[in-house]
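So you can see what is in the structure, the chains are spelled out below.
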Amino acid sequence: MEAPNPSSTGLFINGSRETGQDVRVGNVTAALAVANIVKTSLGPVGLDKMLVDDIGDVLITNDGATILKSLEVEHPAARVLVDLANLQDQEVGDGTTSVVIIASELLRRGNDLVKNGIHPTTIISGYRTALKAAVSYIKKEMVVNVADLGDEHLINAAKTSMSSKIIGKESEFFARMAVDAVKSVKMNATQADLAGYEAMSEGPTAIASAKKQRSKYPLSAIHILKAHGKSSTESHLIDGGFAINAMRAAQGMPTFVEGAPDSPVKIAMLDMNLQRHRMGMGVQVIVKDPAEIENIKRREMDITKERIRKIIDAGARVVLTTKGVDDLCMKYFVEAGIICARRCNREDLKRLAKATGGKVVTTLADMEGNETFDGECLGACDSVREVRIGDGEMLYVYGCAGHGASTIVLRGANEYMLDEMDRALHDSLCVVKRMLESNTLVPGGGAAEAGLSVHLDDYANTIKTREQMVIQEYADALLVIPKTLSVNAAKDSSELVAKLRSAHARGQHSEDPDDAGLKFTGLDLVEGVIRDNLAAGVVEPAISKIKSLRFATEAAITILRIDDRITLNPSQGQ
């Protein structure tokens, strides 16, 4: 093995070392390369990306988190931005592209400041001060409290979220569907949830309504199914119902089961095989009389029949299992007039159990070693019907008796379109959920960033240390969002951003009460003008904007802190 060169690293290690400005430039270049990939997909007129993996599978999307997740990024600094987009996707669900663009711009400007002789520690301190001032300004001046959100605000937020997606042309239709779906899964919030809401809406804009019952909206209760065929506007929401991608196991079973007002349809959800009972592995039975073999076979069939009978006697009229159902069991179900479906998705069954107030049963054995089926494990609903959708059948469960549940069945021309519709709808569902839980919104279309830029410029003039330069750079960095939006819309970004800053400066400095509404001024990218985006309905959750600023600043600080990188060489044995 070749001895490592100590002069190259300054240490007796088998590897290479980069220090100072070299490593910083490398990190910033890698981060900018990642940001440039998603930059053109920002905004309502952003473009899509086609990603082809190593086996030829194609993905067409303009969702920032999905694009970055699909890239095999090797550079450690660039991976920080990929993780940043995933974090924004998990926490808020939308704004993944803008958070990466802001972080990369902060990094680029921070690196320029280092070249001009400003120490990284000063830059980090200045970024933190600017972030604090920015969040404070958003909460005091830009947040609009909507104590009891009307559908209009929620639909506008959902439309804003999906305006840049493939379903943007039908945003009115899908926004209404998203709002109805989220509202249908409303539940009372627990104490732990309330603590989370307080953290989200901290500050003077928090709604001090401790006595008022708050609600939560679990998106896991919204089931999205994709089916080929028809147009996207043929997609539909099954409110208070559930659809499961399964079909009857035998043609002799009924296609429709309906309950009476006093006796709902009971559903058994099983995570076990419904097949003829067989003796366990390693069990030996020595038979001397050939007639006994028939008795053993008959007893195996009887055990199976007894199991099926226990399920039927408990009141089940629909049986769904994640495993197989053999012909013998099917015969008993057909005779009893029961709908049975096999090979169901386990996650779907868990959702259905929650929706119908039942439980997924994994075994019939009880604590005493006997086999019983508890009737309390059965879910309840009004009716179950097999419906033909596209090329196959689905089971629709109507009038679920448990917690709120709903299913959205998406229709579209092909797999790529359906996948992109699913991602777009997921972002909109997240936005509606966040708005309902935090009760606050801010204007979109670059309004918040332009207002913050003007405010931070004024704030920087009150700082008497070197941080003044850093805060001014932070203010300029935020303008990357309205600039990118304008460029992607094929408009003159310099002129539009100048008009936007002028309007916000007048709104913040003018004594005239008529100018107060100018703080909501944003871009109209279709006409290429500025307008009041709050009145135009271009809004987004306040938490989305605040969290994206926090995440972007922390990511930029994390990378700017690095001034030394040591890369170990792989060992000879590998």
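Residues numbered from 1 in each chain as written. Predicted model: local features only at pLDDT ≥ 70, side-chain atom pairs only at ≥ 80, totals over all residues. Heavy atoms only, no water.

The helix and strand inventory of the protein stands at 19 helices and 23 strands. For the protein, the spread of C-alpha atoms along the three principal axes comes to 100 × 75 × 45 Å. Taking all 574 residues of the protein together, 49% fall into the buried category. In the protein, 75% of the contacts between residues at least 6 apart in sequence involve partners at least 24 apart. With the model as given, the accessible surface of the protein reaches about 27100 Å², and the carbon-plus-sulfur share is 50%. (Helix = DSSP H or I, 4+ residues; strand = E, 2+ residues; numbered from the N terminus. Buried < 20%, exposed > 50% of the residue type's maximum accessible area, 1.4 Å probe, protein only. Contact = heavy atoms within 4.5 Å. Areas by Shrake-Rupley, 256 points an atom, 1.4 Å probe, with all protein chains shown as cover.)

On to the domain arrangement of the protein, then. Often, the extent of an interface is quoted as the loss of accessible area on bringing the components together. The assigned domain composition of the protein is domain 1 (15-147 + 443-568) and domain 2 (241-402). Its C-alpha centre places domain 1 at a distance of 54 Å from the equivalent point of domain 2. (Domains from an automatic or database assignment.)

Moving on, we get to the confidence of the model for the protein. Chain-level statistics for the protein give a pLDDT mean of 82 and a share of 91% at 70 or above. For the stretch residues 202-211, pLDDT sits under 50, and the model shows 11 contacts to residues farther than four places along the chain or on other chains. (pLDDT = per-residue confidence, 0-100.)

This next bit is on a negative patch on the surface. On the surface, a cluster of negative charge is made up of Asp53, Asp54, Asp57, Glu72 and Glu74. Note on placement: Asp53 falls in the loop between strand E2 (49-52) and strand E3 (58-61). (Patch = residues over 30% accessible without salt bridge, like charges linked within 9 Å, V, L, I, M, F, W, Y side chains within 5 Å. Salt bridge = Lys/Arg side-chain N within 4 Å of Asp/Glu carboxyl O. Lys, Arg positive; Asp, Glu negative; His and termini not counted. Charge placed at Lys NZ, Arg CZ, Asp CG, Glu CD.)

The next thing to look at is the pattern of salt bridges. Using the criterion set out here, one finds 28 salt bridges in the structure. For Glu105, the salt bridge identified is with Arg108, shortest N-O distance 2.7 Å. Taken together, the residues span about one helical turn, with Glu105 and Arg108 both in helix H5 (residues 96-115) at a distance of three residues. With a closest N to O distance of 3.5 Å, Lys226 and Asp422 form a salt bridge. Here Asp422 lies in helix H13 (residues 415-438) and Lys226 lies in strand E7 (residues 222-228), a separation of 196 residues in the sequence. Residue Lys226 is classed as partly exposed on the basis of its relative accessible area, which comes to 32%. What you see here is one network of salt bridges that share partners, running through Glu105, Arg108, Arg109, Asp112 and Glu473.

The next thing to look at is the environment of Thr462. Topologically, Thr462 is positioned in the loop between helix H14 (447-460) and helix H15 (467-478). For Thr462, the side chain forms a polar contact with the main-chain oxygen of Tyr459, separated by 2.5 Å. (Polar contact = N/O pair within 3.5 Å; in protein donor to acceptor, adjacent residues only side chain to side chain.)

What follows concerns the environment of Ser263. Of note, Ser263 is situated in the loop between strand E10 (256-258) and strand E11 (265-270). For Ser263, a relative accessible area of 38% translates into the label partly exposed. Separated by 119 residues in sequence, Ser263 and Asp382 have C-alpha atoms that sit 8.7 Å apart.

Another aspect to go through is unusual backbone geometry. A positive phi angle, close to 65 degrees, is found at Lys230, a residue other than glycine. Inspection of the secondary structure puts Lys230 in the loop between E7 and strand E8 (236-239). We note that Arg343 has phi near 55 degrees; this positive angle belongs to a residue other than glycine. Summarising the element assignment, Arg343 is placed in the loop between strand E13 (339-341) and helix H12 (346-356).

What follows deals with the sheet that holds E8. Hydrogen bonds along the backbone pair up the strands of a sheet, which may run parallel or antiparallel. The strand order across the open sheet formed by three strands is E7-E18-E8, and the pairing between neighbours is mixed. Of all strands in the sheet, those with a lone pairing partner are E7 and E8, marking the two edges. Across the sheet, the axes of successive neighbouring strands diverge by a mean angle of 20 degrees, strand direction being ignored. Both E8 and strand E18 (residues 406-412) contribute to a ladder of four bridges, which runs antiparallel. Residue pairing across strands places His236 opposite Val409, the latter belonging to E18. (Pairing = 2+ DSSP bridges. Axes fitted to C-alpha atoms, helices over the stretch in contact; angles between N-to-C directions.)

Bringing empty space enclosed by the protein into the picture now. Counted according to the given criterion, the structure contains two cavities of 30 Å³ or more. If you add up the space inside the second largest cavity, you get close to 50 Å³. As for the second largest cavity, its lining consists of Met272, Asn273, Leu274, Gln275, Thr304, Arg307, Ile308 and Cys329. Per-element accounting of the lining of the second largest cavity gives the leading share, three residues, to helix H10 (residues 290-313). Among the residues forming the lining of the second largest cavity, the class breakdown is four nonpolar, three polar and one charged. (1 Å grid on protein atoms, 1.4 Å probe; cavity = no way out; pocket = protein on both sides within 12 Å on 5 of 7 lines; lining within 4 Å. Points joined across faces, edges and corners; volume = space filled by probe spheres on them. Nonpolar A, V, L, I, M, F, W, Y, C, P; charged D, E, K, R; others polar.)

Turning our eyes to something else, we now look at the sheet that holds strand E19 (residues 440-443). Strand order in the open sheet formed by three strands is E4-E19-E22, and the pairing between neighbours is antiparallel. Each edge of the open sheet carries a strand with a single partner, namely strand E4 (144-145) and strand E22 (539-541). Bridging between E4 and E19 involves two bridges; their strand directions are antiparallel. By the bridge assignment for E19, Asn145 is matched with Thr440.

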